[in-house]
Amino acid sequence: MPERGVGTDAALHRLATVLVEQGIDLSHPMAAAHLQPPPLTVAVAADALASAGNASLDTYDSGPATIAVERWVVDALTSLAGFDDGADGVLTPGGSLSNLTALLLARDAAAARRGVDVRRDGVAALPKPVVFCSELAHFSVHRACATLGLGESAVRAVPVDERHRMRPDALAAMLRDLGEEHTPIAVVATAGTTDFGSVDPLAELTALAREHGAWLHVDAAYGFGTLFSDSLAGRMDGLTHADSVTVDLHKIGWQPAAASVLLVRDRAAFAALDRSVDYLNPADDRAAGYDGLLGRTLQTTRRPDAVKIAATLLAYGRHGLGQFVDTCHRLARHAEARIAAEPRLELVAGAELTTVVFRYLAEDPATRDRVNGELRRRLLHRGTALIGRTSARPAGPADEPVTCLKLTLLNPTATEADIDDLLALVLDAGAACERHSPTVAEAHEEGAA
Ligand SMILES: Cc1ncc(COP(=O)(O)O)c(C=O)c1O
(Lines give C-alpha, C1' and ligand atoms only; values in the text may rest on other atoms or scores of the structure.)
Protein backbone atom coordinates (compact mmCIF):
# COMPACT_ATOMS: atom_id res chain seq x y z
CA MET A 1 0.00 0.00 0.00
CA PRO A 2 1.54 3.33 -1.00
CA GLU A 3 1.79 6.03 1.64
CA ARG A 4 0.15 8.47 -0.78
CA GLY A 5 -2.34 7.32 -3.39
CA VAL A 6 -1.65 7.61 -7.13
CA GLY A 7 -5.17 8.88 -7.92
CA THR A 8 -8.17 7.06 -9.33
CA ASP A 9 -7.24 7.23 -13.02
CA ALA A 10 -3.74 5.93 -12.47
CA ALA A 11 -4.94 3.23 -10.05
CA LEU A 12 -7.61 1.99 -12.44
CA HIS A 13 -5.24 2.14 -15.40
CA ARG A 14 -2.69 0.07 -13.53
CA LEU A 15 -5.25 -2.56 -12.52
CA ALA A 16 -6.82 -2.66 -15.98
CA THR A 17 -3.39 -3.20 -17.53
CA VAL A 18 -2.57 -6.08 -15.18
CA LEU A 19 -5.97 -7.73 -15.55
CA VAL A 20 -6.11 -7.42 -19.33
CA GLU A 21 -2.49 -8.25 -20.10
CA GLN A 22 -2.00 -11.01 -17.55
CA GLY A 23 -5.53 -12.31 -17.18
CA ILE A 24 -7.71 -14.75 -19.07
CA ASP A 25 -9.97 -13.44 -21.83
CA LEU A 26 -13.07 -15.61 -21.46
CA SER A 27 -14.64 -14.17 -24.60
CA HIS A 28 -11.72 -15.57 -26.64
CA PRO A 29 -12.91 -18.65 -28.54
CA MET A 30 -9.78 -20.56 -27.50
CA ALA A 31 -10.75 -20.27 -23.80
CA ALA A 32 -12.64 -23.47 -22.99
CA ALA A 33 -11.41 -24.79 -19.65
CA HIS A 34 -13.96 -24.32 -16.90
CA LEU A 35 -17.61 -23.69 -16.15
CA GLN A 36 -16.79 -20.01 -16.36
CA PRO A 37 -18.57 -18.27 -19.22
CA PRO A 38 -17.87 -14.90 -20.81
CA PRO A 39 -20.31 -12.65 -18.92
CA LEU A 40 -23.02 -10.75 -20.78
CA THR A 41 -22.50 -6.99 -21.06
CA VAL A 42 -25.95 -6.27 -19.63
CA ALA A 43 -25.10 -8.34 -16.54
CA VAL A 44 -21.75 -6.61 -16.05
CA ALA A 45 -23.41 -3.20 -16.36
CA ALA A 46 -26.22 -4.13 -13.96
CA ASP A 47 -23.65 -5.49 -11.50
CA ALA A 48 -21.86 -2.13 -11.51
CA LEU A 49 -25.22 -0.48 -10.89
CA ALA A 50 -25.82 -2.81 -7.94
CA SER A 51 -22.36 -2.06 -6.51
CA ALA A 52 -22.92 1.68 -6.85
CA GLY A 53 -26.09 1.41 -4.75
CA ASN A 54 -24.32 -0.81 -2.18
CA ALA A 55 -27.64 -2.12 -0.91
CA SER A 56 -27.81 -5.15 1.36
CA LEU A 57 -30.55 -7.74 1.53
CA ASP A 58 -30.61 -8.57 5.22
CA THR A 59 -32.90 -5.79 6.40
CA TYR A 60 -35.69 -3.89 4.71
CA ASP A 61 -34.07 -0.52 5.28
CA SER A 62 -30.73 -1.68 3.82
CA GLY A 63 -32.19 -2.15 0.36
CA PRO A 64 -35.95 -2.38 -0.20
CA ALA A 65 -35.71 -2.19 -4.00
CA THR A 66 -33.07 -4.87 -4.26
CA ILE A 67 -35.12 -7.13 -1.96
CA ALA A 68 -38.01 -6.77 -4.43
CA VAL A 69 -35.64 -7.58 -7.32
CA GLU A 70 -34.39 -10.73 -5.57
CA ARG A 71 -37.97 -11.84 -4.86
CA TRP A 72 -38.78 -11.35 -8.56
CA VAL A 73 -35.75 -13.39 -9.68
CA VAL A 74 -36.55 -16.18 -7.22
CA ASP A 75 -40.17 -16.25 -8.48
CA ALA A 76 -39.00 -16.45 -12.09
CA LEU A 77 -36.66 -19.34 -11.30
CA THR A 78 -39.11 -21.32 -9.14
CA SER A 79 -41.62 -21.07 -12.02
CA LEU A 80 -38.98 -22.23 -14.49
CA ALA A 81 -38.24 -25.18 -12.18
CA GLY A 82 -41.96 -26.04 -12.18
CA PHE A 83 -42.36 -25.50 -8.43
CA ASP A 84 -45.71 -24.34 -7.08
CA ASP A 85 -46.61 -21.32 -4.93
CA GLY A 86 -45.14 -22.76 -1.74
CA ALA A 87 -41.63 -22.59 -3.18
CA ASP A 88 -38.98 -20.06 -2.27
CA GLY A 89 -35.29 -19.38 -2.72
CA VAL A 90 -32.31 -17.26 -1.85
CA LEU A 91 -29.18 -16.08 -3.60
CA THR A 92 -25.86 -17.33 -2.26
CA PRO A 93 -22.20 -16.60 -3.05
CA GLY A 94 -21.79 -19.75 -5.20
CA GLY A 95 -22.83 -23.31 -5.89
CA SER A 96 -20.71 -24.64 -3.03
CA LEU A 97 -22.56 -22.39 -0.59
CA SER A 98 -25.94 -23.30 -2.11
CA ASN A 99 -25.11 -26.98 -1.57
CA LEU A 100 -23.99 -26.24 2.00
CA THR A 101 -27.20 -24.35 2.75
CA ALA A 102 -29.34 -27.12 1.26
CA LEU A 103 -27.62 -29.75 3.38
CA LEU A 104 -28.02 -27.56 6.46
CA LEU A 105 -31.80 -27.45 5.81
CA ALA A 106 -31.79 -31.22 5.18
CA ARG A 107 -29.82 -31.91 8.36
CA ASP A 108 -32.18 -29.84 10.49
CA ALA A 109 -35.25 -31.43 8.87
CA ALA A 110 -33.88 -34.92 9.60
CA ALA A 111 -33.06 -33.89 13.16
CA ALA A 112 -36.58 -32.53 13.68
CA ARG A 113 -38.00 -35.86 12.48
CA ARG A 114 -35.87 -37.57 15.15
CA GLY A 115 -36.94 -35.04 17.78
CA VAL A 116 -33.38 -33.65 18.03
CA ASP A 117 -32.63 -29.91 18.21
CA VAL A 118 -29.21 -29.74 16.54
CA ARG A 119 -29.03 -25.97 16.80
CA ARG A 120 -29.18 -26.24 20.59
CA ASP A 121 -27.57 -29.62 21.26
CA GLY A 122 -25.13 -29.95 18.36
CA VAL A 123 -24.84 -32.71 15.79
CA ALA A 124 -23.56 -35.27 18.30
CA ALA A 125 -27.22 -35.68 19.31
CA LEU A 126 -28.06 -36.92 15.79
CA PRO A 127 -27.43 -40.66 15.46
CA LYS A 128 -25.12 -41.78 12.61
CA PRO A 129 -26.02 -39.28 9.89
CA VAL A 130 -25.64 -40.41 6.25
CA VAL A 131 -25.70 -38.42 2.98
CA PHE A 132 -25.81 -40.21 -0.38
CA CYS A 133 -24.46 -38.79 -3.62
CA SER A 134 -22.91 -40.24 -6.74
CA GLU A 135 -19.19 -40.85 -6.94
CA LEU A 136 -19.12 -37.96 -9.45
CA ALA A 137 -20.88 -35.45 -7.18
CA HIS A 138 -19.11 -32.12 -6.70
CA PHE A 139 -16.62 -32.08 -3.84
CA SER A 140 -18.54 -29.26 -2.18
CA VAL A 141 -21.01 -31.92 -0.96
CA HIS A 142 -18.23 -33.58 1.06
CA ARG A 143 -16.99 -30.24 2.31
CA ALA A 144 -20.50 -29.24 3.34
CA CYS A 145 -20.83 -32.43 5.39
CA ALA A 146 -17.56 -31.67 7.15
CA THR A 147 -18.63 -28.07 7.81
CA LEU A 148 -22.03 -29.11 9.15
CA GLY A 149 -20.45 -31.42 11.69
CA LEU A 150 -21.65 -34.57 9.96
CA GLY A 151 -18.12 -35.46 8.91
CA GLU A 152 -16.99 -36.42 5.41
CA SER A 153 -17.38 -40.02 6.50
CA ALA A 154 -21.14 -39.43 6.45
CA VAL A 155 -20.95 -39.31 2.65
CA ARG A 156 -21.74 -42.58 0.88
CA ALA A 157 -20.62 -42.50 -2.75
CA VAL A 158 -23.08 -44.32 -5.00
CA PRO A 159 -21.59 -45.88 -8.17
CA VAL A 160 -22.47 -44.52 -11.62
CA ASP A 161 -23.42 -46.26 -14.86
CA GLU A 162 -21.49 -46.09 -18.14
CA ARG A 163 -23.12 -42.71 -18.88
CA HIS A 164 -21.89 -41.23 -15.59
CA ARG A 165 -25.33 -41.22 -13.88
CA MET A 166 -26.01 -42.40 -10.35
CA ARG A 167 -27.35 -45.97 -10.36
CA PRO A 168 -30.75 -46.08 -8.60
CA ASP A 169 -30.39 -49.86 -8.06
CA ALA A 170 -27.14 -49.26 -6.16
CA LEU A 171 -28.70 -46.48 -4.10
CA ALA A 172 -31.72 -48.67 -3.33
CA ALA A 173 -29.42 -51.43 -2.06
CA MET A 174 -27.40 -49.01 0.08
CA LEU A 175 -30.56 -47.53 1.60
CA ARG A 176 -31.95 -51.00 2.24
CA ASP A 177 -28.77 -52.08 4.01
CA LEU A 178 -28.70 -49.03 6.26
CA GLY A 179 -29.32 -50.06 9.86
CA GLU A 180 -32.13 -48.50 11.93
CA GLU A 181 -29.54 -46.68 14.01
CA HIS A 182 -28.57 -44.47 11.03
CA THR A 183 -30.20 -41.16 10.06
CA PRO A 184 -30.52 -40.86 6.26
CA ILE A 185 -30.27 -37.09 5.86
CA ALA A 186 -30.24 -36.52 2.13
CA VAL A 187 -29.80 -37.94 -1.31
CA VAL A 188 -27.87 -35.44 -3.45
CA ALA A 189 -28.55 -35.93 -7.15
CA THR A 190 -26.42 -34.10 -9.68
CA ALA A 191 -28.08 -32.53 -12.72
CA GLY A 192 -25.01 -31.80 -14.81
CA THR A 193 -21.84 -33.33 -13.42
CA THR A 194 -18.89 -30.95 -13.64
CA ASP A 195 -16.89 -32.97 -16.16
CA PHE A 196 -19.49 -34.90 -18.13
CA GLY A 197 -22.71 -32.90 -17.85
CA SER A 198 -24.48 -36.15 -16.98
CA VAL A 199 -27.82 -35.92 -15.21
CA ASP A 200 -28.76 -38.43 -12.51
CA PRO A 201 -32.24 -40.05 -12.88
CA LEU A 202 -34.04 -37.45 -10.79
CA ALA A 203 -37.51 -39.01 -10.59
CA GLU A 204 -36.24 -42.43 -9.50
CA LEU A 205 -33.87 -40.96 -6.93
CA THR A 206 -36.63 -38.74 -5.52
CA ALA A 207 -38.90 -41.76 -5.08
CA LEU A 208 -36.14 -43.63 -3.21
CA ALA A 209 -35.34 -40.65 -0.99
CA ARG A 210 -39.02 -40.23 -0.08
CA GLU A 211 -39.40 -43.92 0.70
CA HIS A 212 -36.56 -43.67 3.23
CA GLY A 213 -37.52 -40.27 4.67
CA ALA A 214 -34.48 -38.47 3.23
CA TRP A 215 -34.33 -34.99 1.69
CA LEU A 216 -33.74 -34.90 -2.07
CA HIS A 217 -31.35 -32.15 -3.09
CA VAL A 218 -30.51 -31.62 -6.77
CA ASP A 219 -27.16 -30.00 -7.47
CA ALA A 220 -28.17 -28.43 -10.79
CA ALA A 221 -25.39 -25.83 -10.58
CA TYR A 222 -24.36 -26.67 -14.13
CA GLY A 223 -27.52 -28.16 -15.66
CA PHE A 224 -30.32 -25.82 -14.53
CA GLY A 225 -29.68 -23.38 -17.38
CA THR A 226 -30.79 -26.03 -19.88
CA LEU A 227 -34.34 -25.12 -18.79
CA PHE A 228 -33.96 -21.98 -20.91
CA SER A 229 -33.76 -24.20 -24.00
CA ASP A 230 -36.80 -25.84 -25.62
CA SER A 231 -34.71 -28.70 -26.96
CA LEU A 232 -32.67 -29.46 -23.82
CA ALA A 233 -35.13 -28.67 -21.01
CA GLY A 234 -36.24 -32.31 -20.91
CA ARG A 235 -32.87 -33.18 -19.33
CA MET A 236 -34.18 -31.68 -16.07
CA ASP A 237 -37.28 -33.91 -15.96
CA GLY A 238 -38.08 -34.78 -12.35
CA LEU A 239 -36.52 -31.61 -10.92
CA THR A 240 -39.95 -30.31 -9.87
CA HIS A 241 -40.21 -32.87 -7.06
CA ALA A 242 -36.88 -32.05 -5.41
CA ASP A 243 -36.82 -30.58 -1.92
CA SER A 244 -34.08 -28.15 -2.96
CA VAL A 245 -32.11 -27.21 -6.05
CA THR A 246 -28.76 -25.46 -6.57
CA VAL A 247 -28.76 -23.14 -9.58
CA ASP A 248 -25.57 -21.41 -10.79
CA LEU A 249 -26.24 -18.75 -13.38
CA HIS A 250 -22.52 -17.96 -13.42
CA LYS A 251 -22.24 -21.25 -15.31
CA ILE A 252 -25.03 -21.72 -17.90
CA GLY A 253 -26.53 -18.23 -17.51
CA TRP A 254 -23.59 -16.00 -18.59
CA GLN A 255 -23.41 -14.05 -15.34
CA PRO A 256 -20.32 -12.68 -13.64
CA ALA A 257 -19.75 -14.74 -10.47
CA ALA A 258 -21.45 -15.14 -8.17
CA ALA A 259 -25.00 -15.72 -9.33
CA SER A 260 -26.05 -18.79 -7.40
CA VAL A 261 -29.56 -19.48 -6.17
CA LEU A 262 -30.82 -22.10 -3.77
CA LEU A 263 -34.44 -22.99 -4.49
CA VAL A 264 -36.62 -24.86 -1.99
CA ARG A 265 -39.92 -26.56 -2.73
CA ASP A 266 -41.42 -25.56 0.63
CA ARG A 267 -40.53 -22.16 2.08
CA ALA A 268 -41.12 -23.52 5.59
CA ALA A 269 -37.71 -25.20 5.24
CA PHE A 270 -36.06 -21.82 5.81
CA ALA A 271 -37.33 -21.82 9.40
CA ALA A 272 -34.00 -23.51 10.26
CA LEU A 273 -32.21 -20.26 9.34
CA ASP A 274 -34.65 -17.78 10.84
CA ARG A 275 -33.23 -15.17 13.24
CA SER A 276 -34.73 -12.21 15.02
CA VAL A 277 -32.15 -9.55 15.74
CA ASP A 278 -33.20 -6.37 17.50
CA TYR A 279 -31.13 -4.01 15.40
CA LEU A 280 -32.14 -5.64 12.09
CA ASN A 281 -35.60 -7.21 12.06
CA PRO A 282 -37.55 -6.55 15.29
CA ALA A 283 -40.87 -8.39 15.47
CA ASP A 284 -43.08 -5.29 15.18
CA ASP A 285 -41.21 -4.13 12.03
CA ARG A 286 -41.71 -7.58 10.52
CA ALA A 287 -45.38 -7.64 11.47
CA ALA A 288 -45.80 -4.23 9.82
CA GLY A 289 -44.30 -5.61 6.57
CA TYR A 290 -40.83 -4.06 6.91
CA ASP A 291 -38.87 -7.27 6.59
CA GLY A 292 -35.62 -8.19 4.89
CA LEU A 293 -34.21 -11.56 3.87
CA LEU A 294 -31.97 -12.25 6.88
CA GLY A 295 -33.78 -15.48 7.74
CA ARG A 296 -32.93 -17.31 4.52
CA THR A 297 -29.18 -17.42 4.60
CA LEU A 298 -26.04 -17.76 6.71
CA GLN A 299 -24.90 -14.28 5.71
CA THR A 300 -25.87 -10.95 7.26
CA THR A 301 -24.70 -8.24 4.84
CA ARG A 302 -25.45 -9.65 1.39
CA ARG A 303 -24.84 -7.99 -1.94
CA PRO A 304 -27.66 -7.80 -4.50
CA ASP A 305 -26.49 -10.35 -7.06
CA ALA A 306 -30.07 -10.61 -8.28
CA VAL A 307 -29.82 -7.25 -10.05
CA LYS A 308 -27.59 -8.55 -12.85
CA ILE A 309 -29.72 -11.71 -13.18
CA ALA A 310 -32.93 -9.65 -13.41
CA ALA A 311 -31.37 -7.41 -16.07
CA THR A 312 -30.34 -10.48 -18.07
CA LEU A 313 -33.72 -12.22 -17.82
CA LEU A 314 -35.46 -9.00 -18.89
CA ALA A 315 -33.03 -8.29 -21.72
CA TYR A 316 -32.93 -11.74 -23.32
CA GLY A 317 -35.96 -13.62 -22.01
CA ARG A 318 -36.04 -17.40 -21.76
CA HIS A 319 -35.93 -17.74 -25.53
CA GLY A 320 -32.80 -15.59 -25.96
CA LEU A 321 -30.90 -17.46 -23.26
CA GLY A 322 -32.16 -20.75 -24.71
CA GLN A 323 -30.52 -19.88 -28.01
CA PHE A 324 -27.18 -19.42 -26.25
CA VAL A 325 -27.63 -22.83 -24.58
CA ASP A 326 -28.43 -24.48 -27.92
CA THR A 327 -25.44 -22.88 -29.62
CA CYS A 328 -23.02 -24.06 -26.92
CA HIS A 329 -24.52 -27.57 -27.03
CA ARG A 330 -24.14 -27.63 -30.84
CA LEU A 331 -20.49 -26.57 -30.50
CA ALA A 332 -19.93 -29.41 -28.05
CA ARG A 333 -21.59 -31.88 -30.44
CA HIS A 334 -19.33 -30.61 -33.22
CA ALA A 335 -16.25 -31.05 -31.03
CA GLU A 336 -17.41 -34.56 -30.15
CA ALA A 337 -17.74 -35.50 -33.84
CA ARG A 338 -14.33 -34.06 -34.75
CA ILE A 339 -12.64 -35.84 -31.86
CA ALA A 340 -14.31 -39.14 -32.74
CA ALA A 341 -13.10 -38.80 -36.35
CA GLU A 342 -9.49 -37.95 -35.44
CA PRO A 343 -7.29 -41.05 -35.01
CA ARG A 344 -4.81 -39.22 -32.74
CA LEU A 345 -7.61 -38.40 -30.27
CA GLU A 346 -9.81 -40.69 -28.20
CA LEU A 347 -13.33 -39.60 -27.28
CA VAL A 348 -13.87 -40.46 -23.61
CA ALA A 349 -17.28 -38.84 -23.05
CA GLY A 350 -19.46 -37.07 -25.61
CA ALA A 351 -21.51 -33.91 -25.26
CA GLU A 352 -24.35 -34.37 -22.77
CA LEU A 353 -24.53 -30.61 -22.17
CA THR A 354 -21.57 -28.45 -23.20
CA THR A 355 -18.48 -30.43 -22.22
CA VAL A 356 -16.49 -33.05 -24.10
CA VAL A 357 -13.85 -35.26 -22.47
CA PHE A 358 -11.09 -36.79 -24.58
CA ARG A 359 -7.41 -37.82 -24.73
CA TYR A 360 -4.48 -37.25 -27.00
CA LEU A 361 -3.26 -40.70 -28.02
CA ALA A 362 0.51 -40.50 -27.77
CA GLU A 363 2.04 -43.37 -29.71
CA ASP A 364 3.67 -44.87 -26.62
CA PRO A 365 0.74 -45.75 -24.28
CA ALA A 366 3.07 -45.52 -21.27
CA THR A 367 3.54 -41.77 -21.90
CA ARG A 368 -0.11 -40.83 -22.37
CA ASP A 369 -0.84 -39.43 -18.91
CA ARG A 370 2.35 -37.35 -19.04
CA VAL A 371 1.76 -36.07 -22.56
CA ASN A 372 -1.86 -35.06 -21.90
CA GLY A 373 -0.90 -33.19 -18.75
CA GLU A 374 2.01 -31.45 -20.46
CA LEU A 375 0.19 -30.47 -23.61
CA ARG A 376 -2.44 -28.59 -21.63
CA ARG A 377 0.27 -26.69 -19.72
CA ARG A 378 2.07 -25.97 -22.98
CA LEU A 379 -1.05 -24.32 -24.45
CA LEU A 380 -1.58 -22.40 -21.21
CA HIS A 381 2.03 -21.15 -20.99
CA ARG A 382 2.07 -20.06 -24.62
CA GLY A 383 -1.26 -18.32 -24.24
CA THR A 384 -2.61 -20.02 -27.36
CA ALA A 385 -5.49 -21.95 -25.80
CA LEU A 386 -7.01 -22.75 -22.42
CA ILE A 387 -8.51 -26.21 -22.10
CA GLY A 388 -9.58 -28.27 -19.11
CA ARG A 389 -8.12 -31.39 -17.59
CA THR A 390 -9.61 -34.14 -15.48
CA SER A 391 -9.33 -37.87 -14.93
CA ALA A 392 -11.84 -40.36 -16.32
CA ARG A 393 -12.27 -44.03 -17.18
CA PRO A 394 -12.30 -44.39 -20.99
CA ALA A 395 -13.56 -48.01 -21.00
CA GLY A 396 -16.33 -47.57 -18.42
CA PRO A 397 -16.88 -47.65 -14.64
CA ALA A 398 -14.67 -50.71 -14.05
CA ASP A 399 -11.64 -49.16 -15.78
CA GLU A 400 -8.71 -47.34 -14.12
CA PRO A 401 -8.89 -43.52 -14.29
CA VAL A 402 -6.45 -41.82 -16.70
CA THR A 403 -5.50 -38.20 -17.38
CA CYS A 404 -7.95 -36.65 -19.85
CA LEU A 405 -8.54 -33.31 -21.52
CA LYS A 406 -11.82 -31.44 -21.42
CA LEU A 407 -13.47 -28.72 -23.46
CA THR A 408 -16.08 -26.70 -21.60
CA LEU A 409 -17.88 -24.77 -24.31
CA LEU A 410 -19.81 -21.82 -22.88
CA ASN A 411 -19.02 -19.14 -25.43
CA PRO A 412 -22.01 -18.72 -27.77
CA THR A 413 -20.01 -16.39 -30.05
CA ALA A 414 -17.49 -19.15 -30.87
CA THR A 415 -17.90 -21.00 -34.17
CA GLU A 416 -17.35 -24.54 -35.41
CA ALA A 417 -14.25 -23.27 -37.23
CA ASP A 418 -12.93 -22.06 -33.84
CA ILE A 419 -13.42 -25.56 -32.43
CA ASP A 420 -11.49 -27.01 -35.38
CA ASP A 421 -8.65 -24.51 -34.73
CA LEU A 422 -8.67 -25.39 -31.03
CA LEU A 423 -8.36 -29.11 -31.75
CA ALA A 424 -5.59 -28.42 -34.27
CA LEU A 425 -3.69 -26.60 -31.50
CA VAL A 426 -4.21 -29.61 -29.22
CA LEU A 427 -2.80 -31.97 -31.87
CA ASP A 428 0.24 -29.76 -32.48
CA ALA A 429 0.91 -29.41 -28.76
CA GLY A 430 0.50 -33.18 -28.28
CA ALA A 431 2.99 -33.94 -31.04
CA ALA A 432 5.47 -31.44 -29.59
CA CYS A 433 5.16 -32.96 -26.11
CA GLU A 434 5.66 -36.46 -27.53
CA ARG A 435 8.90 -35.35 -29.17
CA HIS A 436 10.23 -33.49 -26.17
CA SER A 437 9.46 -33.55 -22.50
CA PRO A 438 10.54 -30.22 -20.93
CA THR A 439 12.82 -30.34 -17.93
CA VAL A 440 11.49 -28.71 -14.78
CA ALA A 441 13.75 -25.70 -15.43
CA GLU A 442 12.49 -25.33 -19.01
CA ALA A 443 8.87 -25.60 -17.89
CA HIS A 444 9.46 -22.82 -15.33
CA GLU A 445 11.17 -20.66 -17.92
CA GLU A 446 8.28 -21.17 -20.30
CA GLY A 447 5.79 -20.37 -17.56
CA ALA A 448 7.64 -17.17 -16.63
CA ALA A 449 7.71 -16.12 -20.30
C1 LIG B 1 -21.95 -29.63 -10.23
C2 LIG B 1 -21.33 -28.51 -9.45
N3 LIG B 1 -21.79 -28.20 -8.24
C4 LIG B 1 -21.26 -27.22 -7.49
C5 LIG B 1 -20.21 -26.47 -7.98
C6 LIG B 1 -19.62 -25.39 -7.12
O7 LIG B 1 -19.98 -24.14 -7.62
P8 LIG B 1 -19.18 -22.83 -7.19
O9 LIG B 1 -17.86 -22.91 -7.89
O10 LIG B 1 -20.04 -21.71 -7.67
O11 LIG B 1 -19.02 -22.84 -5.71
C12 LIG B 1 -19.68 -26.74 -9.24
C13 LIG B 1 -18.53 -25.99 -9.75
O14 LIG B 1 -18.04 -26.24 -10.81
C15 LIG B 1 -20.26 -27.79 -10.00
O16 LIG B 1 -19.79 -28.11 -11.21
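Residues numbered from 1 in each chain as written. Predicted model: local features only at pLDDT ≥ 70, side-chain atom pairs only at ≥ 80, totals over all residues. Heavy atoms only, no water.

The protein carries the name Aminotransferase class V-fold PLP-dependent enzyme in an unreviewed UniProt entry, which gives Solihabitans fulvus as its organism. UniProt's Cofactor (unreviewed entry) comment on the protein is quoted here verbatim: "pyridoxal 5'-phosphate". A UniProt comment under Sequence similarities (unreviewed entry) is attached to the protein, and it reads "Belongs to the group II decarboxylase family." (UniProt positions renumbered as here; feature names shortened; annotations may be inferred.)

A.B. asks: Explain the pattern of salt bridges residue by residue, including any values.
C.D. replies: Following the criterion strictly, the structure yields 26 salt bridges and no others. The shortest N-O distance in the salt bridge between Arg303 and Asp47 comes to 3.2 Å. Placement of the pair is Arg303 in the loop between α9 (283–287) and α10 (306–341) and Asp47 in helix α2 (residues 41–53), with a sequence separation of 256 residues. The salt bridge partner of Asp243 is Arg210, with a shortest N-O separation of 3.3 Å. With Asp243 in the loop between β6 (215–220) and β7 (244–248) and Arg210 in helix α8 (residues 202–211), this residue pair connects regions lying 33 residues apart in the sequence. Assessed through its relative accessible area of 10%, Asp243 is described here as buried. The partly exposed category is assigned to Arg210, whose relative accessible area is 38%. Salt bridges linked by common partners bring Asp47, Arg303, Asp305 and Lys308 together as one network. (Salt bridge = Lys/Arg side-chain N within 4 Å of Asp/Glu carboxyl O. Helix = DSSP H or I, 4+ residues; strand = E, 2+ residues; numbered from the N terminus. Buried < 20%, exposed > 50% of the residue type's maximum accessible area, 1.4 Å probe, protein only.)

A.B. asks: Describe the domain arrangement of the protein, with residues and values.
C.D. replies: Along its sequence, the protein is carved into domain 1 (8–40 + 318–448) and domain 2 (56–302). One C-alpha centre belongs to domain 1, the other to domain 2, and the line joining them spans 31 Å. In this complex, domain 1 contributes 27 residues to the contact, which on the side of domain 2 involves 31 residues. For the domain 1 and domain 2 pair, buried surface summed over both sides reaches about 2,500 Å², with 62% attributable to carbon and sulfur atoms. Per-residue buried area on domain 1 facing domain 2 is highest for Leu35, Glu352 and Leu353; these three make up 28% of the total on that side. Remark: the boundary between domain 1 and domain 2 carries five salt bridges. Arg235 is the salt-bridge partner of Glu352, the closest N and O atoms lying 3.5 Å from each other. For the interface between domain 1 and domain 2, the tally reads 13 residue pairs in polar contact (both at pLDDT 80 or more). Elements represented by at least two residues in the side of domain 1 that touches domain 2 include exactly α10, β10 (355–360) and β11 (386–392). Of the residues forming the side of domain 1 that touches domain 2, the biggest block, eight residues, is contributed by α10. (Domains from an automatic or database assignment. Contact = heavy atoms within 4.5 Å. Buried area = accessible area lost by both parts, 1.4 Å probe. Polar contact = N/O pair within 3.5 Å; in protein donor to acceptor, adjacent residues only side chain to side chain.)

A.B. asks: So what's going on with the sheet that holds β11? Residues and values would help.
C.D. replies: With mixed pairing, the five strands of this open sheet are ordered in space as β1-β11-β12-β10-β9. Each edge of the open sheet carries a strand with a single partner, namely β1 (31–32) and β9 (345–349). Across four bridges, the pairing between β9 and β10 is antiparallel. By the bridge assignment for β10, Leu347 is matched with Phe358. Against the sheet, helix α11 (residues 368–382) engages β10, β11 and β12 (402–408), with an angle of about 160° to β11. The strands that helix α12 (residues 416–435) touches are β1, β9, β10, β11 and β12; relative to β10, the one it contacts most, it runs at about 30°. (Pairing = 2+ DSSP bridges. Axes fitted to C-alpha atoms, helices over the stretch in contact; angles between N-to-C directions.)

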